[in-house]
Structures are given as structure tokens and as C-alpha cells.
Amino acid sequence: MVEYVIKPPETPALPVAGTGQMFPVRRIYCVGRNYAEHAREMGHDPDREPPFFFAKPADAAPHDGQVPFPAATADLHHEVEMVVAIGKGGSDIAVGDALNHIYGYSVGIDFTRRDLQAEAKKMARPWATAKGFDHSGPCGAIRPASEIGHPDSGRIWLKVNGETRQESDLTDLIWKTPEVVSHLSGLFRLEPGDLIMTGTPSGVAQVVRGDKLECGVDGIGTLTVKLV
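Just so it is clear, the structure is predicted and the values come from calculations on it, not from any experiment.

**A closer look at the sheet that holds strand E9 (residues 112–113)**
Across a sheet, paired strands are connected by hydrogen bonds in the backbone, their directions being either parallel or antiparallel. Overall, antiparallel pairing links the three strands, which are arranged E9-E6-E14 in an open sheet. In this open sheet, the two strands that pair with only one neighbour each are E9 and strand E14 (206–207). Sheet topology note: the strand E6 (residues 76–77)/E14 ladder contains two bridges and is antiparallel. Pairing of Leu76 across the sheet is with Val207, part of E14.

This is the structure we're talking about:
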């Protein structure tokens, strides 16, 4: 029996919809600028350049319906995303085999300290403080692919206090799910428990304490959080 010098942290986990089971979260990868209109609103050309990735800590995903407003920002933005949950590991996964590595799907929010991100971009520094802070990636329950298949179309949307801010369709993804999984697996060995946030549509905007955010992906599920 292994003896630890401190108590090991609990394993972050998300519920599997309709069951009493949990999906353990190992890593969270995020795809940047994967919807053309969002790329444009961020001042970039939406051509199919190779996808790029950043990361969030595993414990950024679980939540209890409330998300603490983060410190050190005056410009917090919402970014709704379809989330892919990996169930089978691998490296250099072929596009044609990628869907076989997916356990299921969820909806999540990539919260971004936009002011810190802008500063990091200007100084050519990493985005870790802008993207990887505590509670920065709340996700809803995971729907197994064995039940819903592999969604490649469907409305993706987000409302703040009942007002629609983001609305698009999965068909507008620049890099489709199998391509994202394949490309990422050439950079990191994917393992069961990994989550991939696949990018956000246009309409990202500021949120403040007290805001209620509702979002969803048709055929996958919904997520509601309040900033406290």
C-alpha cells in the first residue's frame, strides 16, 4: 500500500447522464478559434490553418451550479463549447478511427480572463492565467456516444440572463471532431478521462457577478451556471 506524505486530491469527475456513474477527468484540452465567425471577431483569418490547443486543469470542469467569479480580472468572457470525452487512449490516431476513441459528449463553458489574455498576446506570453484558472471550464453531464451517436450537426447556444449571446451550429466547426482528435493525438497521447473543448462560436462577451448563464448543444444536453 502506497503511503502519501499528504492526502491525495480527489479525482475530478463529471456525471454520466441518466446513471449514477461518474466520468473521471484526467486532462482538459481546448481548441482555439475553431468557428470562422469567432476567428473573425477575434481579429484573425478563419482559413483552415492547423488547429492549435491550450489546456485547463482537470478540476476546472466539475461544478455545483455556481462558479466563483475569478480574481485578477475586470473582463471575464463566456465561450460555449461542445466537449468530447475520450474513452479509449492512443497516439497518432487516424481520422477514420477517431470516433472509436470517444466515450461521449457534453457542453461546457470556456471562461476567459480576456484582459489577461490580451496582455499575454501583446507580450507573446502563454495564456495560462487567462484560460487555466480555478473553475474556468464548467461542464454538464456526459451523454454516452452509445446512446446519442456522434453529433456532427445541431444548434450550439448560450444565453446570459435569458438573452441569447451565442448561437451557431456544429456544422460550422472549421475542424470537425475526428480531425481534432486525430491532430491532438499527434501532439499528446490521449488517455481515457481526457476532455476536449472543441471551440466556441461568435458572440463571446463580458459577464459579471450575479449573471446566470444557460447553454446547450442540441442532442447532447444543457448547462446552467451562476457567477457568484
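Alright, that's what it looks like, and here's the rest.
**Things to note about the side chain of Asn34**
Here Asn34 lies in the loop between strand E3 (28–32) and helix H1 (36–41). A polar side-chain atom of Asn34 sits 3.0 Å from the main-chain carbonyl oxygen of Thr198. Among all residues touching Asn34, those that are not within four sequence positions of it are Asp172, Leu173, Ile174, Trp175, Val180, Thr198 and Gly199.

**Let's talk about the nonpolar core**
The tendency in soluble globular proteins is for nonpolar side chains to be buried as a group. Residues Met82, Ile109, Phe111, Val181, Ile196, Leu213 and Leu227 are the most contacted members of the largest nonpolar core, which totals 40 residues. Of all the elements in the fold, those that place two or more residues in this core are E3, strand E7 (80–86), strand E8 (102–109), strand E11 (155–160), helix H5 (177–185), strand E15 (212–217) and strand E16 (221–227). In terms of nonpolar packing, the next biggest core, distinct from the first, is built from 18 residues, Leu14, Ile28, Phe54 and Ala58 among them.

**Topic: the pattern of salt bridges**
Taken as a whole and judged by the stated rule, the model has eight salt bridges. Residue Glu79 pairs with Lys131 through a salt bridge whose shortest N-O separation is 3.4 Å. You can see Glu79 sitting in the loop between E6 and E7 and its partner Lys131 sitting in helix H3 (residues 128–131), a full 52 residues away along the chain. You'll find Glu79 and Lys131 in the same group, each marked buried.

Conventions used here
Residues numbered from 1 in each chain as written. Predicted model: local features only at pLDDT ≥ 70, side-chain atom pairs only at ≥ 80, totals over all residues. Heavy atoms only, no water. Pairing = 2+ DSSP bridges. Helix = DSSP H or I, 4+ residues; strand = E, 2+ residues; numbered from the N terminus. Polar contact = N/O pair within 3.5 Å; in protein donor to acceptor, adjacent residues only side chain to side chain. Contact = heavy atoms within 4.5 Å. Core = buried A, V, L, I, M, F, W, Y, C linked by side-chain atoms within 4.5 Å. Buried < 20%, exposed > 50% of the residue type's maximum accessible area, 1.4 Å probe, protein only. Salt bridge = Lys/Arg side-chain N within 4 Å of Asp/Glu carboxyl O.

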